[in-house]
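Breakdown of the fold
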Amino acid sequence: MQIKKVIIGIDDSKYAEHAAKYGFDIARKFDAAVGVVNIIEPVVTPMDTSDNLLGVPLANVGGPEEIDLITSQSDNSEKLIQRTVNELAADLQVTYFSEYGSTADGILQCAKEFHADLIVIGTHKRSGLDRLLMGDVSEGVVRRATVPVLVVPFVEG
C-alpha cells in the first residue's frame, strides 16, 4: 500500500481534532503530504422576507449582514485550519482547503483535487432520530469515496 497523500476533514469539534491527530500520525509514518479540509455549510435564509405572524418585512435578508456572516465563516475556517496545522503538522507538507457546500461532497471533491490516497475523518457517533435529521457526514464520505476512508471514532470518557 502506498500512501503519499492524506486528506483530513476537520470541523471545530473534539471528534475532528481526535481524527486529525490520527491523520497527521499516519502521514508522518508514511512521509505523506497532508491536505486539511474544512467545509463551510451554506447558511439557509428564507426566500420570503416578511414575518408570517406580523406581516412585517424582515431586515435586509441577503444584505450586508449575510455578507458579514459569510466573511466571518470564512475567517473562522481559516483560523481553524491554521490552528490545526500549527498544533499537529510540525514538519509535514500541508495543503489547505476551505470550501463552501455540503460537507461530505466537499471532502470528496477536495480529496479528488488533492489526489489523496487516504481520507481521514472523525465521527460524532450519532444514532436514531438525530442521525436521520442531521445526516451523517462520515457515512456519506464512506459510501461515495474512491479511496480508502479511515473513520476515527471518539469515545467520550
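These notes cover the structure that comes with them. (Residues numbered from 1 in each chain as written. Predicted model: local features only at pLDDT ≥ 70, side-chain atom pairs only at ≥ 80, totals over all residues. Heavy atoms only, no water.)

Viewed as axis vectors pointing N to C, helix 3 (residues 103-114) and helix 5 (residues 137-144) meet at an angle of 40°, and their least axial separation amounts to 8 Å. The angle between helix 3 and helix 5 places the two elements in the oblique class. Crossing hand, helix 3 versus helix 5: right-handed. Facing helix 3, whose interface residues are Thr-103, Ala-104, Asp-105, Ile-107 and Leu-108, helix 5 presents Val-137, Gly-140, Val-141 and Arg-144. Partitioning the contact of helix 3 with helix 5 into residue classes produces 5 nonpolar, 2 polar and 2 charged. (Axes fitted to C-alpha atoms, helices over the stretch in contact; angles between N-to-C directions. Helix = DSSP H or I, 4+ residues; strand = E, 2+ residues; numbered from the N terminus. Parallel < 35°, antiparallel > 145°, perpendicular 65-115°, else oblique. Left-handed = near helix turned anticlockwise from the far one by under 90°. Contact = heavy atoms within 4.5 Å. Nonpolar A, V, L, I, M, F, W, Y, C, P; charged D, E, K, R; others polar.)

Pairing of side chains with opposite charge becomes possible as their charged atoms draw close. Counted by the stated rule, this structure contains 5 salt bridges. The closest approach of N and O atoms between Lys-21 and Glu-17, which form a salt bridge, is 3.9 Å. With Lys-21 and Glu-17 both in helix 1 (residues 14-30) and 4 residues apart, this pair spans about one turn of that helix. Owing to a relative accessible area of 41%, Lys-21 belongs among the partly exposed residues under this scheme. Here Asp-105 and Arg-144 are joined by a salt bridge, their closest N and O atoms 2.1 Å apart. Here Asp-105 is found in helix 3, whereas its partner Arg-144 is found in helix 5, with 39 residues between them in sequence. Given the relative accessible area of 43%, Asp-105 is considered partly exposed. Overall, the relative accessible area of 44% leaves Arg-144 in the partly exposed class. (Salt bridge = Lys/Arg side-chain N within 4 Å of Asp/Glu carboxyl O. Buried < 20%, exposed > 50% of the residue type's maximum accessible area, 1.4 Å probe, protein only.)

Aromatic ring pairs are described here by two measures, namely the spacing of the ring centres and the angle between the planes. One pass over the full model with this rule turns up 2 aromatic pairs. Ring centres of Tyr-15 and Phe-154 lie 5.5 Å apart, and the angle between their planes is 85°; on these two criteria the pair is classed as edge-to-face. Here Tyr-15, found in helix 1, pairs with Phe-154, found in the segment after strand 5 (149-153); they are 139 residues apart in sequence, far enough to count as distant. For Tyr-15, a relative accessible area of 14% corresponds to the buried category. (Phe/Tyr/Trp six-rings, centres within 6.5 Å; stacked < 30°, edge-to-face > 60°.)

Moving on to unusual backbone geometry. Phi angles above zero are rare outside glycine, and Asp-31 is one such case at about 50°. On the secondary structure map, Asp-31 appears in the loop between helix 1 and strand 2 (33-40). Residue class for Asp-31 comes out exposed when judged on its relative accessible area of 67%. At His-115, a residue that is not glycine, the phi angle is positive and equals roughly 60°.

Keep in mind these values describe shape, not function.
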